[in-house]
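Architecture at a glance
Chain residues, written in single-letter form:
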Amino acid sequence: MSLIKTDAPGRRLLLMGNEAMARGALEAGVEVCAAYPGNPSSEIIGCLSQVAEEMGIYVEWSVNEKVALEVAAAASLAGLRGLAAMKQNGLNVASDFLLNLNLTGTKGGLVVVVCDDPSALSSSNEEDSRAFARLADLPLLEPSGFQEAKEMTKWAFELSEELGLPCLIRSVTRVSHARGNVELGELPTQRRRAHFDTSKPILPVPVVWAHRLLHQKLAKCRDRFHGSGFNQYRGPQRPELLILTSGAGFMYSLEAVSNLGLGDRVGIAKLGTTWPLPETFLKEQLARSQKVLFVEEVDPFMESNVKGFAAQNQTQLGPKIFLGKSSGTIPDIGELTPDHLIKVLRELFDVRYQPRPQAYIQEAMEAASHLAPPRTLGFCAGCPHRATYWAVKKALALDGREGFVLGDIGCYSLGMGPAGFFQMKTLHAMGSGAGLANGFGQLGRFGLDQPVLAVCGDSTFYHAAIPALVNAKYNGSSFLMLILDNRATAMTGFQPHPGTGRTAMGETVDPIDIEGLCRALGVQVKSVDPFDLDSTVEVLTDFLRQEKGVRVLVLKQECALVRGKRQGRLFKIRVDQDRCLGLQCGCNRLCTRVFRCPGLVWDSTSGKATVDDAICTGCGVCATICPASAILKEAV
Ligand code: SF4
Ligand code: SF4
């Protein structure tokens with residue numbers, strides 16, 4: 001049960017940053033919320049969906065981020081408050097709409113929360129979404145803590161409504177996924193009534209006029225940022241060094257300055273309103289010190305903007321020494337930590353610092369290792385993707401023409417490594433495997449004679465692969481598209497998608513049939529159960545033989561985690577210790593070394609394989625791969 005609906009103003013709850021932002025939206029009276037799942041943003045809509053019915057709001061998992069933003073924007077255009085949430089890659093998808101919506105403007109408050117992932121802990125790229133605020137001339141807020149995440153979200157709706165513009169909030173993993181105390185405010189008791197004003201159309205034209213109006217709104221926003229409590233200064237009146245920071249950088253700066261005892265020499269100015277720059281506040285802060293250190297994740301966004309501002313105001317502010325990413329003082333890639341800052345400040349101030357003893361660090365790491373047993377990056381036990389890649393590997397080997405698989409984002413991205421037997425050869429954006437295959441599938445005329453395969457998941461198919469398939473059919477591209485239909489948006493937490501037959505609000509609806517959609521396009525389509533390895537290899541081989549046109553193979557088998565919860569094991573598995581010849585059989589430990597299901601364990605004492613009953617989900621696939629037929633399956 002989600003705590004975010006707790007109706008107790010003044011009460012303090014331990015909330016995750018994403019929950020705090022969701023609560024802020026509820027306190028602001030949000031009516032419509034939409035998102036496509038993507039870490040580190042997924043919990044925002046996840047927890048709102050749990051309280052939607054009770055709170056009388058509408059929440060959906062949209063088919064992609066652009067549609068999510070459009071759904072939330074529709075609410076705004078009808079005078080309601082809307083929220084769209086996404087990760088950094090998602091804003092790329094939504095940006096086409098965003099960069100027109102900025103020109104038409106909005107009506108009810110519209111907030112776009114974008115959660116960036118410095119160090120790409122759960123992403124395929126490391127991207128600083130703040131660049132979009134500048135590109136689209138939109139206000140940008142950056143929370144640096146949990147209470148602030150809630151208050152900022154609430155305020156963002158007011159600001160958006162006042163300016164008639166969407167307001168962006170940029171969070172990062174350590175704000176979104178960490179937890180802290182949050183004092184609750186009041187929840188609204190009334191909902192607005194939706195009405196679309198038909199008296200004048202909402203168009204971004206005349207474009208130049210709309211662009212000028214946008215700049216006027218941004219200038220108003222700059223004034224509005226003046227005196228905002230989200231911009232703060234802590235430190236002496238005239239510090240030897242001024243740290244200019246935002247987001248999680250503020251927490252790291254506080255910790256580093258405090259640990260080094262530099263509170264009377266270093267000042268910290270935190271920007272919560274990062275774009276447009278809060279010029280009055282900034283001028284006051286820059287006047288404090290000649291030396292400025294920028295602390296921010298990921299790009300030098302604030303650094304470049306502030307440097308431009310300082311150059312513009314050089315006569316008033318005088319010469320400055322700027323340190324940050326451009327000077328190489330702060331790392332220009334990856335997540336920051338307090339240790340990064342401690343190192344920089346020690347060098348700048350030549351202070352002595354006694355870090356924690358190495359023994360303490362080792363002890364802490366050892367304690368943590370018991371909580372998180374070591375795991376290799378691989379598919380879960382019984383994952384259908386392992387079976388799919390095994391079949392693909394076999395079919396391509398039989399085909400012998402050096403065929404290759406183009407992939408994209410999802411659990412199945414692990415196909416690029418040992419878990420997927422190195423079968424996936426490219427990884428870019430959602431649906432890009434199918435898009436690239438369109439291009440490769442036209443290269444036969446230039447001599448490409450290798451079979452081209454694309455892989456995507458079911459959720460990704462709806463998100464971004466359908467246009468690629470339409471394009472392929474219409475333009476006559478030749479490739480084999482594999483849709484790994486495991487009935488789940490598994491990588492981000494099993495959010496529903498149009499194939500699952502349920503919505504974010506828990507309603508049961510008609511699923512949209514992948515094969516039916518492909519057939520409607522006139523594309524040749526077949527389905528197969530990847531656990532049936534022989535049939536899968538046979539169909540793949542057959543499809544590979546057909547060299548012309550686009551062909552679709554849907555590999556249908558439920559995600560092992562979903563199936564495990566719903567149905568339990570399919571088979572009871574054991575290794576016949578008499579039949580398993582171990583190192584002597586010539587298989588070179590095929591099951592544990594190559595197939596690598598975590599349910600199969602190598603017993604170095606006996607020199608034979610065995611099954612870990614606690615991990616094996618009983619899919620039965622390994623029984624097919626053992627050359628000695630030593631792995632036995634029995635129906636349960
Ligand atoms: S049956 Fe074999 S492949 Fe399937 S989960 Fe168990 S050990 Fe892994
Ligand atoms: S179970 Fe089969 S594949 Fe695994 S080590 Fe024994 S003989 Fe080899």
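Computed from a prediction, not measured in an experiment: that's the story for all the values here.

Parameters and conventions
Residues numbered from 1 in each chain as written. Chains lettered and ligands numbered in written order. Predicted model: local features only at pLDDT ≥ 70, side-chain atom pairs only at ≥ 80, totals over all residues. Heavy atoms only, no water. 1 Å grid on protein atoms, 1.4 Å probe; cavity = no way out; pocket = protein on both sides within 12 Å on 5 of 7 lines; lining within 4 Å. Points joined across faces, edges and corners; volume = space filled by probe spheres on them. Nonpolar A, V, L, I, M, F, W, Y, C, P; charged D, E, K, R; others polar. Salt bridge = Lys/Arg side-chain N within 4 Å of Asp/Glu carboxyl O. Near = heavy atom within 4 Å. Sits in = over half its atoms within 2 Å of the grid points. Pairing = 2+ DSSP bridges. Helix = DSSP H or I, 4+ residues; strand = E, 2+ residues; numbered from the N terminus. Axes fitted to C-alpha atoms, helices over the stretch in contact; angles between N-to-C directions. Parallel < 35°, antiparallel > 145°, perpendicular 65-115°, else oblique. Left-handed = near helix turned anticlockwise from the far one by under 90°. Contact = heavy atoms within 4.5 Å. Buried < 20%, exposed > 50% of the residue type's maximum accessible area, 1.4 Å probe, protein only. Polar contact = N/O pair within 3.5 Å; in protein donor to acceptor, adjacent residues only side chain to side chain.

1. Focus: empty space enclosed by the protein
Tallied over the full model, the rule gives five cavities of 30 Å³ or more. Considering only enclosed or pocket space, the second largest cavity measures out at about 90 Å³ in volume. For the lining of the second largest cavity, a count of residues per class yields nine nonpolar, five polar and no charged.

2. Considering the pattern of salt bridges
In the structure shown here, the tally under the stated rule is 34 salt bridges. Here the salt bridges share partners, and the residues they tie into one network are Asp116, Asp128, Arg130, Glu142, Arg170 and Glu296.

3. What to know about the site of ligand 1
Inspection of the region around ligand 1 gives 13 residues, with Cys597, Cys616, Cys619, Gly620 and Cys622 positioned closest. Spatially, ligand 1 is embedded in the second largest cavity. Its residues assigned to classes, the shell around ligand 1 shows eight nonpolar, five polar and no charged.

4. A short note on the sheet that holds strand β7 (residues 167-172)
If you walk across this open sheet you meet the seven strands as β3-β2-β4-β5-β7-β6-β12, and the pairing is mixed. Here the strands that pair on one side only, and so sit at the sheet edges, are β3 (58-61) and β12 (273-275). Here strand β4 (residues 82-87) runs beside strand β5 (residues 110-116); their pairing, made up of six bridges, is parallel. Of the residues in β5, the one forming a bridge with Ala85 is Val113.

5. Remarks on the packing of helix α6 (residues 146-163) against helix α8 (residues 207-225)
Between α6 and α8, the shortest axis-to-axis distance is 10 Å and the interhelical angle comes to 140°. By the criterion of interaxial angle, the relationship of α6 to α8 is oblique. Crossing angle aside, the handedness with which α6 passes α8 is right-handed. When α6 is examined against α8, the residues Trp155, Leu159, Glu162 and Leu163 are found in contact with a partner set consisting of Lys217, Lys220, Cys221, Arg224 and Phe225.

6. Observations concerning unusual backbone geometry
Between Asn39 and Pro40 the backbone carries a cis peptide bond, its omega angle lying at 15°. Locating Pro40 in the fold gives a position in the loop between β2 (32-35) and α2 (43-55). Omega for the peptide link from Glu297 to Val298 comes to 10°, which places this bond in the cis form. Mapped onto the secondary structure, Val298 falls in the loop between β13 (291-295) and α11 (301-312). Positioned with a positive phi, Asp137 is a non-glycine residue whose angle comes to about 55°. Mapped onto the elements, Asp137 comes out in the loop between α5 (131-136) and β6 (140-141). The class for Asp137 is buried, based on a relative accessible area of 13%.

7. Notes on the side chain of Ser289
Counting through the fold element by element, Ser289 comes out in the loop between α10 (279-286) and β13. Here the side chain of Ser289 touches Glu240 through a polar contact of 3.2 Å, landing on its backbone oxygen. Excluding residues that lie within four positions of it along the chain, Ser289 makes contacts with Pro239, Glu240, Leu241, Leu242 and Lys320.

8. Some details on the pairing of β4
Burial runs high along β4: six of the six residues are buried. Covered by surrounding structure in β4 are Gly82, Ala84 and Met86 together with Leu83, Ala85 and Lys87, the residues of both alternating faces. Looking at chain direction, β2 and β4 are connected through four bridges and run parallel. The residue bridging Cys33 from the neighbouring strand is Leu83, located in β4.

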